[in-house]
Amino acid sequence: MNRRRPRRSASAEELLTTLQQLTARARHEVQLHQARVELAEALQQDLLPAGLPSLPGLQTAARYSPARSGLDIGGDWYDGFPLPDGTLGFAIGDVQGHDVEAAAFMGQIRIGMRAIAATTSDPGEIVGRTNDLLLSIDSTLLATCTFVRFDPRAGELRTARAGHVSAVWATTDGRSGITQDAGGLPLGVAAEKYPVTRHRLTAPGAFVLVTDGVVEGPSFPIDEGLDAVVRLVAARTSASAEALADEVMHTAERTGHQDDAAVLVLRHKGFPVGSD
């Protein structure tokens, strides 16, 4: 009498009901996730600039590709805008984190950096004050970025880097490489000073900025990815900015990355020393 009564086997009807409930729950979760991904992607696309500025002697182009998995949308951005003194400002960056929160944080960085760049011409101060702004809002997110100021009168780029991937450059006279700019901590970590590096554009060529999704992934490490971009840009220094941006973005397909990716190309004519 003390023996337990054997558990009754579920009927086929009960199993079918349970399966239908689990399927409906899974479908609901998938729909919620897909809606969140679509919202992040739409927000990301709306926050990226509709176009980039250019000047005589400078072609510009940019590309953005969302993550292959659809899970990592929202982290990368680029920007370009005219400054009050007749120079141009460009930026590229990568928010740590993804989805809607990262896309919104990216928007804060972009808007804040534009506002600050309108009041000072020093790239290091622009990046530093943007960092101070992000620290003041006490966000848990952080971001890497590079800010570039193009001065057509001096024929030079001045850059400041906050923990971001190095830039790649090549000229039509056969020189090429990876920039060795000193940098500082990513934005949102701690108060920081950001050194400025000057790049004289004495020969025609290209200056290319990327996010790590372009040059790093399961297939090869970041050093190999950057080397691959250097070889590509060196071989295509005569290509238009648009064509070069497309070809550099193809590098991301070979990394096996799961992250999103962005490319920003500045194709310049060259400004010999002493020219206006």
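I will try to describe carefully the structure that is included in this document. (Residues numbered from 1 in each chain as written. Predicted model: local features only at pLDDT ≥ 70, side-chain atom pairs only at ≥ 80, totals over all residues. Heavy atoms only, no water.)

1. Section: the pattern of salt bridges
Spelled out, the test is: What counts as a salt bridge is simple: a side-chain nitrogen of Lys or Arg found within 4 Å of a carboxyl oxygen of Asp or Glu. Helix and strand assignments come from DSSP, with helices taken as H or I runs of at least 4 residues and strands as E runs of at least 2, each series counted from the N terminus. Only protein chains enter the accessibility calculation, which uses a 1.4 Å probe; a residue is then buried when its area is under 20% of its type maximum, exposed when over 50%, and partly exposed in between.
Applying the stated criterion to the full structure yields ten salt bridges. Across the pair Arg 114 and Asp 79 runs a salt bridge whose closest N-O atoms are separated by 2.8 Å. Residue Arg 114 is found in helix α2 (residues 99-117), and its partner Asp 79 is found in strand β2 (residues 76-82); the two are separated by 35 residues along the sequence. Accessibility expressed as a relative area gives 1% for Asp 79, which makes it buried. When the shortest N-O distance is used, the salt bridge between Arg 158 and Asp 122 registers 3.5 Å. Placement of the pair is Arg 158 in strand β5 (residues 156-162) and Asp 122 in the loop between α2 and α3 (123-136), with a sequence separation of 36 residues. Residue classification places Arg 158 among the partly exposed positions, given a relative accessible area of 22%. For Asp 122, a relative accessible area of 25% puts it in the partly exposed group.

2. Some remarks on the packing of aromatic side chains
Aromatic rings in a pair are described by how distant their centres are and how their planes are angled relative to each other. Worth spelling out the cut-off: The pairing test for Phe, Tyr and Trp rings, Trp by its six-membered ring, is centres within 6.5 Å, and the orientation test on the planes gives stacked under 30 degrees, edge-to-face over 60, and tilted for anything in between.
In this structure the tally under the stated criterion is two aromatic pairs. Ring geometry for Phe 150 against Phe 271: centres 6.0 Å apart, planes inclined by 55°, an arrangement best described as tilted. Placement of the pair is Phe 150 in strand β4 (residues 143-151) and Phe 271 in the segment after β10 (261-268), with a sequence separation of 121 residues. With respect to class, Phe 150 is no different from Phe 271; both count as buried.

3. Quick notes on the side chain of Thr 159
The line we're drawing: Think of a polar contact as two N or O atoms within 3.5 Å of one another; within protein, one of them needs to be a possible hydrogen donor and the other a possible acceptor, and neighboring residues in sequence only count if both atoms come from side chains. Pairs of residues are marked as contacts when any of their non-hydrogen atoms sit within 4.5 Å.
Relative to the elements of secondary structure, Thr 159 occurs in strand β5. Residue Thr 159 is classed as buried on the basis of its relative accessible area of 2%. Side-chain polar atoms of Thr 159 contact the side chain of Asp 181, separated by 2.7 Å. Not counting residues within four places of it along the chain, the set of residues in contact with Thr 159 comprises Pro 123, Phe 147, Val 148, Asp 181, Pro 195, Val 196, Thr 197, His 199 and Phe 207.

4. Considering the nonpolar core
As a reminder of what qualifies: Among buried residues, the Ala, Val, Leu, Ile, Met, Phe, Trp, Tyr and Cys ones that are joined through side-chain atoms within 4.5 Å form a nonpolar core.
Ranked by size, the top nonpolar core spans 42 residues in total, and within it Trp 77 and Val 95 carry the most contacts. It is α2 that provides the largest number of residues to this core, a total of seven residues. Contacts of Val 95, omitting those with residues within four sequence positions, involve Gly 75, Trp 77, Ala 102, Phe 105, Met 106, Ile 109, Leu 141, Leu 142 and Ala 143. If you look at the next biggest cluster of nonpolar residues, it comprises 23 residues, including Ala 170, Val 210, Val 230 and Ala 245.

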